[in-house]
Number of protein chains: 2
Amino acid sequence: MPSFGTPTDLSPSPLAAVERLLRARGHRTPIGLHQEKTAFPPCAEPRVWERAEFGIAPHEPAPPAGVPALRERLAAVAGARRGTAVDPDRILLTAGATHAVAVVLHAILRPGDDVLILSPQWLSATGLVHAAGGVPREVPVFLELSDPATAPGFGLVPAVEAAVGPRTRAIYLNNPNNPTGHRLDAAQLAALVDLAERHDLWLIADNAYENYDFSADGFRDTATVDGADARTFAVHSCSKTYVIPGARVGYLISPPGCAETLVKRSPHTLRSVSTVAQFAAFEALSTSPGELAARRRLAADAYRLAAEALEIPHTAVAGGLSTFLDLRAYGDGEEFVRRCAEQGVGLVPGRAFGEHCAAWARLCFTAAPPQTVLEAVHRINKVYGKGAS
Amino acid sequence: MPSFGTPTDLSPSPLAAVERLLRARGHRTPIGLHQEKTAFPPCAEPRVWERAEFGIAPHEPAPPAGVPALRERLAAVAGARRGTAVDPDRILLTAGATHAVAVVLHAILRPGDDVLILSPQWLSATGLVHAAGGVPREVPVFLELSDPATAPGFGLVPAVEAAVGPRTRAIYLNNPNNPTGHRLDAAQLAALVDLAERHDLWLIADNAYENYDFSADGFRDTATVDGADARTFAVHSCSKTYVIPGARVGYLISPPGCAETLVKRSPHTLRSVSTVAQFAAFEALSTSPGELAARRRLAADAYRLAAEALEIPHTAVAGGLSTFLDLRAYGDGEEFVRRCAEQGVGLVPGRAFGEHCAAWARLCFTAAPPQTVLEAVHRINKVYGKGAS
């Protein structure tokens, strides 16, 4: 057979590897805390609907940018979040946040351009940059900022600025951060926006955890920082907020004047997002703010419960659904994850989140009900207590 | 704001342009024959289901390659079509045929590689090659083969072989062909496979119209030609066969040994196909062969009715859902489409299907019920009769 094209770094999914480990161990009651999810009920269930309700029938293909009724509802939600009206024409429906980031990267990168990734990072970020022909450059910041011992002396802007090169095109960040749960505040975001302006970079703000910011100030949309909107691609997902990860619906809010380029590019990845999936998002969006706030409190409670029980050092979580376990005293993260799998607990080795994170592992504290998470914590405490072989 | 990356040829959708024309003319009863679709009822409606029924709940994310129960059912359908068992592991679920072709192209192309496209072609084909960093090379064959005056003297293989260059990586074809309705027979497909072997090229066989082959022999899956399976990416869509284009579900059958590369690459476009969309396909797949055959006969009848009424020369249709109107005596296809839009009929200018097709236009004869299509044909006959301005 003929050969494939440019070989890119297409590592197998670390989540699939953990699932293989769990299956191989055949533990009676495995507890998967490796997936980043909640145990909350979904905000919408599939059903048939009449055309009048959504402006389109279930079997009809949606326009490339998304179903108008959904884009309007998303624009209203975004407007409320940002405190300023958002034109629905700036919104592109995507098949999840992964697809949104992929469309942005393909639009802004020339082969060999690089993207600074605030690290540790969402485990798909570097692969997406590779697949778009770019070069991912991890910039370690979140562990430094998370640690009370190092945070005061750590310069976020100097660290990022030192990584800017002639081919740098963008900075990618997710905030609150997955996997550490660290949250950049308004002043830090403003400093990053200033840096992006000085070097004329795009910002790709991954807001997957917008509903799970536990801080007193609440979620800060990067695009609302002064000057940010003109250079920020805001990536949003319905998976965590509305608990419909199976629908695979996300959306992208482009800077003013940029949406048309993205909307023209998206049909070169897929013609449009599934209409049935868009209807699920449309229904889920009518979830009350009170219900979403209640889920945020439950997630925060789940973190506190896990944190109190954990006998393993870990990052302090201000938002998001996971904490990063500090295994530097234990040794290797891979080894720890294997041992935990033997005890029927799924975690993800830290290396998946950054080259400098081999001695860490991610634990999602909302992937199971609180008592089940506690049981898992007890099991992994024992693994930690025994130390590495 | 910063600049975008490599500018690629991202032409606006010709379908959207036609819809703007139709809206601008404000005709009382517009008949849209520009979209490639049928007026048949969908083979599945959305509904809620229990996990046991599909092995996954509606809100849960599907594995990257697709839901196992659906891949197994698709493998069974493919096995029946091919007359030989197809391993479900060779099947990758995609968000429609567009996504399938995009994933293949990104996997096989290095920047600047070229793809031979048997032309006229599906209107997204050239854009997909551009977006994957490749160079599309249209090879005019279908009009030559369709015309009884030119067909006997036309050499399919010499035409394609003349276009093979040092950077050629693949041949893309859809058969039956959209927009002409021409059908390559087993001998022609075998000659193309032989050519691909000699030059070590991949074949990308777009089988979107597999259910609408009106010939006595019926649909011939390119992958079943001797030697083809090892180098053929077979692209399938549920949109036309099962009338669920809104679900956006397609699938790819990779050559033996190649599926893993494609399955690893797909999550760099989107994490997995929407679970609700996959369930729609799962249900639609239980449509009886008798019902699918009945729809094939209805589509063939719709063509005959339209062909008898058409006073415009057009391609003879052996399969697919459209015929290509020959406007060489009229003049320009764009002008003709504008005039037809004034009369409330939507067609697509031929240029969207190939650089050499400016004097043609596509008409989908199943996009409306037969009597409505007849009404449209009467209107466009009049436009044709008046000649260009």
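Quick caveat, the model's predicted, so the values are computed rather than measured. (Residues numbered from 1 in each chain as written. Chains lettered and ligands numbered in written order. Predicted model: local features only at pLDDT ≥ 70, side-chain atom pairs only at ≥ 80, totals over all residues. Heavy atoms only, no water.)

Enquirer: Could you give me a rundown of the interface of chain B and chain A, with the residues and numbers involved?
Expert: Counting residues at the interface gives 62 residues for chain B, matched by 62 residues for chain A. Summing both partners gives a buried area of about 5200 Å² for chain B against chain A, and 63% of it is carried by carbon and sulfur. Of all residues in chain B, the largest losses of buried area upon contact with chain A belong to Pro2, Phe4 and His268 of chain B, amounting jointly to 14% of the total for that side. The tally of links from chain B across to chain A stands at zero salt bridges. Connecting chain B to chain A are 18 residue pairs in polar contact (both at pLDDT 80 or more). When contributions to the side of chain B that touches chain A are tallied by element, the ones reaching two or more residues are helix H4 (97-108), helix H5 (125-131), helix H9 (259-265) and helix H10 (275-284) of chain B. It is H4 of chain B that contributes the most residues to the side of chain B that touches chain A, six residues altogether. Each residue belonging to the side of chain B that touches chain A can be placed in one class, and the counts come to 35 nonpolar, 16 polar and eleven charged. (Contact = heavy atoms within 4.5 Å. Buried area = accessible area lost by both parts, 1.4 Å probe. Salt bridge = Lys/Arg side-chain N within 4 Å of Asp/Glu carboxyl O. Polar contact = N/O pair within 3.5 Å; in protein donor to acceptor, adjacent residues only side chain to side chain. Helix = DSSP H or I, 4+ residues; strand = E, 2+ residues; numbered from the N terminus. Nonpolar A, V, L, I, M, F, W, Y, C, P; charged D, E, K, R; others polar.)

Enquirer: With reference to specific residues and values, describe the sheet that holds strand S2 (residues 91-94) of chain A.
Expert: Residue and element names in this part refer to chain A. Overall, mixed pairing links the seven strands, which are arranged S2-S8-S7-S6-S5-S3-S4 in an open sheet. Taken across any chain shown, the strands that pair with only one partner, and hence form the sheet edges, are S2 and strand S4 (135-140). Looking at each pair of strands side by side, their axes are set apart by 20° on average, direction ignored. In the sheet, strand S6 (residues 202-206) pairs with strand S7 (residues 232-237) via four bridges, with the strands oriented parallel. Looking across to S7, one finds that leucine 203 is bridged to threonine 232. (Pairing = 2+ DSSP bridges. Axes fitted to C-alpha atoms, helices over the stretch in contact; angles between N-to-C directions.)

Enquirer: Give a detailed account of the environment of glutamate 45 of chain A, specifying residues and quantitative values.
Expert: For glutamate 45 of chain A, the location among the structural elements is in the loop between strand S1 (31-32) and helix H2 (51-54). Among the residues examined, glutamate 45 of chain A registers a relative accessible area of 39% and is labelled partly exposed. The spacing of glutamate 45 of chain A and phenylalanine 279 of chain A is 234 residues in sequence and 9.8 Å in space, taken between C-alpha atoms. The contacts of glutamate 45 of chain A, once residues within four sequence positions are left out, are Glu283 of chain A together with Val48 and Pro58 of chain B. (Buried < 20%, exposed > 50% of the residue type's maximum accessible area, 1.4 Å probe, protein only.)

Enquirer: Please set out the nonpolar core residue by residue, giving values where relevant.
Expert: Counting 68 residues, the largest nonpolar core has Leu70 of chain A together with Leu70 of chain B as the members making the most contacts within it. Going through the elements one at a time, helix H3 (68-82), S2, strand S8 (250-253) and helix H10 (275-284) of chain A together with helix H3 (68-82), strand S2 (91-94), strand S8 (250-253) and H10 of chain B are the ones with two or more residues in this core. Apart from the residues lying within four places of it in its own chain, the contact partners of leucine 70 of chain A are Phe54, Leu93, Gln278, Ala281, Phe282 and Leu285 of chain A. In terms of nonpolar packing, the next biggest core, distinct from the first, is built from 41 residues, Leu22, Leu327, Ala341 and Val383 of chain A among them. (Core = buried A, V, L, I, M, F, W, Y, C linked by side-chain atoms within 4.5 Å.)

Enquirer: Outline the relation of the copies chain B and chain A, listing residues and values.
Expert: Superposition of chain B onto chain A requires a rotation of 180° combined with a translation of 0.0 Å along the rotation axis, giving an RMSD of 0.0 Å. The superposition of one copy onto the other is thereby described by a two-fold rotation axis. Minimal C-alpha distance to the rotation axis in chain B is attained by arginine 47 of chain B, lying at 2.2 Å. When the interface residues of chain B are mapped onto chain A, 100% of them are again interface residues, pointing to one common binding face. (Least-squares fit on C-alpha atoms with pLDDT ≥ 70 in both.)

Enquirer: Please provide a residue-by-residue account of the domain arrangement of chain A, values included.
Expert: Residues and elements named next belong to chain A. Per the domain assignment, the segments of chain A are domain 1 (14-41 + 289-386) and domain 2 (51-284). For domain 1 versus domain 2, the distance between C-alpha centres works out to 25 Å. Carbon and sulfur atoms supply 62% of the area that domain 1 and domain 2 bury against each other, a total of about 2400 Å² over both sides. Where domain 1 meets domain 2, there are zero salt bridges. Taken together, the links from domain 1 to domain 2 amount to twelve residue pairs in polar contact (both at pLDDT 80 or more). Every element with two or more residues in the side of domain 1 that touches domain 2 is listed here: helix H1 (14-25), helix H11 (289-309), strand S9 (322-326) and strand S12 (360-364). (Domains from an automatic or database assignment.)

Enquirer: Describe H4 of chain B, with residues and values.
Expert: In an α-helix, one turn spans 3.6 residues, which is why side chains three or four residues apart end up on the same side. Residue and element names in this part refer to chain B. With twelve residues, H4 extends 17 Å from end C-alpha to end C-alpha; this agrees with the ideal 16 Å at 1.5 Å per step. Here H4 lies mainly inside the structure; eleven of its twelve residues are buried. Those residues of H4 that sit buried are Ala97, Thr98, His99, Ala100, Val101, Ala102, Val103, Val104, Leu105, Ala107 and Ile108. (Expected span 1.5 Å × (residues − 1).)

Enquirer: Tell me about the pairing of S7 of chain A, and please be specific about residues and values.
Expert: All names here are of chain A. Across the six residues that make up S7, a large majority, six, are buried. With four bridges connecting them, S7 and S8 associate as antiparallel partners. Bridge assignment links valine 235 to a residue of S8, and that residue is leucine 252.

Enquirer: Explain the state of the cysteines to me, and be specific about the residues and the numbers.
Expert: All names here are of chain B. Counted by the stated rule, this structure contains zero disulfides over all chains. For cysteine 357, which is in no disulfide, the shortest distance to another cysteine sulfur is to cysteine 340 and amounts to 17 Å. Here cysteine 357 falls in the buried class, since its relative accessible area comes to 0%. (Disulfide = S-S within 2.5 Å.)

Enquirer: Describe the pattern of salt bridges, naming the residues involved and giving the relevant values.
Expert: Under the definition given, this model contains 48 salt bridges over all chains. Note that aspartate 113 of chain A is salt-bridged to arginine 110 of chain A, the shortest N-O span being 3.1 Å. Take aspartate 113 of chain A: its relative accessible area is 0%, and that puts it in the buried class. Where glutamate 335 of chain B meets arginine 339 of chain B, a salt bridge forms, and the shortest distance between an N and an O atom there is 3.0 Å. With glutamate 335 of chain B and arginine 339 of chain B both in helix H12 (residues 333-342) and four residues apart, this pair spans about one turn of that helix. What makes glutamate 335 of chain B buried here is its relative accessible area of 14%. The class for arginine 339 of chain B is partly exposed, based on a relative accessible area of 27%. Look at the salt bridges and you will find they share partners, linking Arg81, Arg82, Arg90, Glu210, Asp221 and Asp229 of chain A into a network.

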